Amino acid sequence: MDEAIADTRRLMSKPQNLNDAYGPPSNFLEIDVSNPQTVGVGRGRFTTYEIRLKTNLPIFKLKETRVRRRYSDFEWLRNELERESKVVVPPLPGKAFFRQLPFRGDDGIFDDSFIEERRQGLEQFLNKVSGHPLAQNERCLHMFLQDESVDKSYTPSKIKQT
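Rules behind the numbers
- Residues numbered from 1 in each chain as written.
- Predicted model: local features only at pLDDT ≥ 70, side-chain atom pairs only at ≥ 80, totals over all residues.
- Heavy atoms only, no water.
- UniProt positions renumbered as here; feature names shortened; annotations may be inferred.
- Helix = DSSP H or I, 4+ residues; strand = E, 2+ residues; numbered from the N terminus.
- Buried < 20%, exposed > 50% of the residue type's maximum accessible area, 1.4 Å probe, protein only.
- Pairing = 2+ DSSP bridges.
- Contact = heavy atoms within 4.5 Å.
- Axes fitted to C-alpha atoms, helices over the stretch in contact; angles between N-to-C directions.
- Phe/Tyr/Trp six-rings, centres within 6.5 Å; stacked < 30°, edge-to-face > 60°.

The protein is annotated in an unreviewed UniProt entry as Sorting nexin-3 of Acipenser oxyrinchus oxyrinchus. Here the protein is described in UniProt, under the heading Sequence similarities (unreviewed entry), as follows: "Belongs to the sorting nexin family."

Written out as structure tokens, the structure is:
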């Protein structure tokens with residue numbers, strides 16, 4: 001009968017010191033989408049967003065980066081991940097076609113509340129995608145997060161962990 005009872009004794013663990021409790025986490029990946037800026041005039045007007053990456057994951061060659069991307073770059077990333085990876089890619093915030101119609105009486109897609117709503121959606125999208133271990137191996141994600149410009153004619157490949 002004693003053999004059938006599971007051992008419920010507490011596992012022995014090492015005592016936690018201040019550095020363990022309050023030091024940096026062993027693995028972290030922080031991505032913020034912030035500081036939207038609208039540039040251009042007329043039909044050439046668009047909004048860019050600053051993407052700040054901070055990590056200690058060995059798969060990323062740079063541990064801190066800041067790049068600017070526009071919505072079409074996010075669409076490109078999503079399409080590349082869908083095509084090249086085995087990851088179920090979450091949706092992007094919508095295109096807002098009705099906000100692009102003329103004679104609306106507001107700023108349409110350049111309205112501050114819309115830009116903020118889209119910024120939050122893009123940040124949520126990036127954090128979901130970049131937190132996935134399989135997506136972290138994709139070259140397109142690394143290029144999107146760390147290179148100053150996105151080379152849309154790149155050759156898809158996997159990142160080798162060093």
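Next comes the rest of the account.
Student: Please give an account of unusual backbone geometry that cites residues and values.
Tutor: We note that N35 has phi near 50 degrees; this positive angle belongs to a residue other than glycine. When you line up the elements, N35 lands in strand β1 (residues 29-39).

Student: Mind laying out the pairing of strand β3 (residues 64-70), listing which residues take part and the relevant values?
Tutor: Two faces make up the sheet, and in a regular strand the side chains alternate between them. Where burial is concerned, the two faces of β3 differ: the one with T65, V67 and R69 is buried and the one with E64, R66, R68 and R70 is not. Across 7 bridges, the pairing between strand β2 (residues 46-55) and β3 is antiparallel. The partner of T48 across the bridge, within β3, is R70.

Student: Summarise the environment of S157; cite the residues concerned and give the values.
Tutor: With respect to the helices and strands, the residue S157 is situated in the segment after α4 (139-146). Spatially, the C-alpha atoms of S157 and E138 are 6.4 Å apart, while their sequence positions differ by 19 residues. Dropping the residues within four chain positions of it, S157 is found in contact with N137, E138 and R139.

Student: Tell me about the sheet that holds β3, and name the residues and values.
Tutor: The strand order across the open sheet built from 3 strands is β1-β2-β3, with neighbouring strands paired in antiparallel fashion. Edge positions in the sheet fall to β1 and β3, since each of these pairs with one other strand and no more. Pairs of neighbouring strands in the sheet enclose a mean axial angle of 20 degrees, with direction left out of account. Sheet analysis places β1 next to β2, joined by 9 bridges and oriented antiparallel. Opposite T38, over in β2, you have T47 as the bridge partner. The strands touched by α4 are β1, β2 and β3; relative to β3, the strand with the most contacts, the crossing angle is about 95 degrees.

Student: A description of the packing of aromatic side chains should follow, citing residues and the corresponding values.
Tutor: Inspection of the entire model under this criterion finds 2 aromatic pairs. Arranged with centres 5.0 Å apart and planes meeting at 70 degrees, the rings of F74 and F144 form a pair that is edge-to-face. Separated by 70 residues along the polypeptide, F74 in helix α2 (residues 71-84) and F144 in helix α4 bring together distant segments of the chain. For the pair shown, F74 and F144 are each scored as buried. Between W76 and Y154, the aromatic rings sit 5.6 Å apart at their centres with planes inclined by 70 degrees, giving edge-to-face as the arrangement. Of this pair, W76 sits in helix α2 while Y154 is found in the segment after α4, placing the two residues 78 residues apart along the sequence. Overall, W76 belongs to the buried group, its relative accessible area being 10%.

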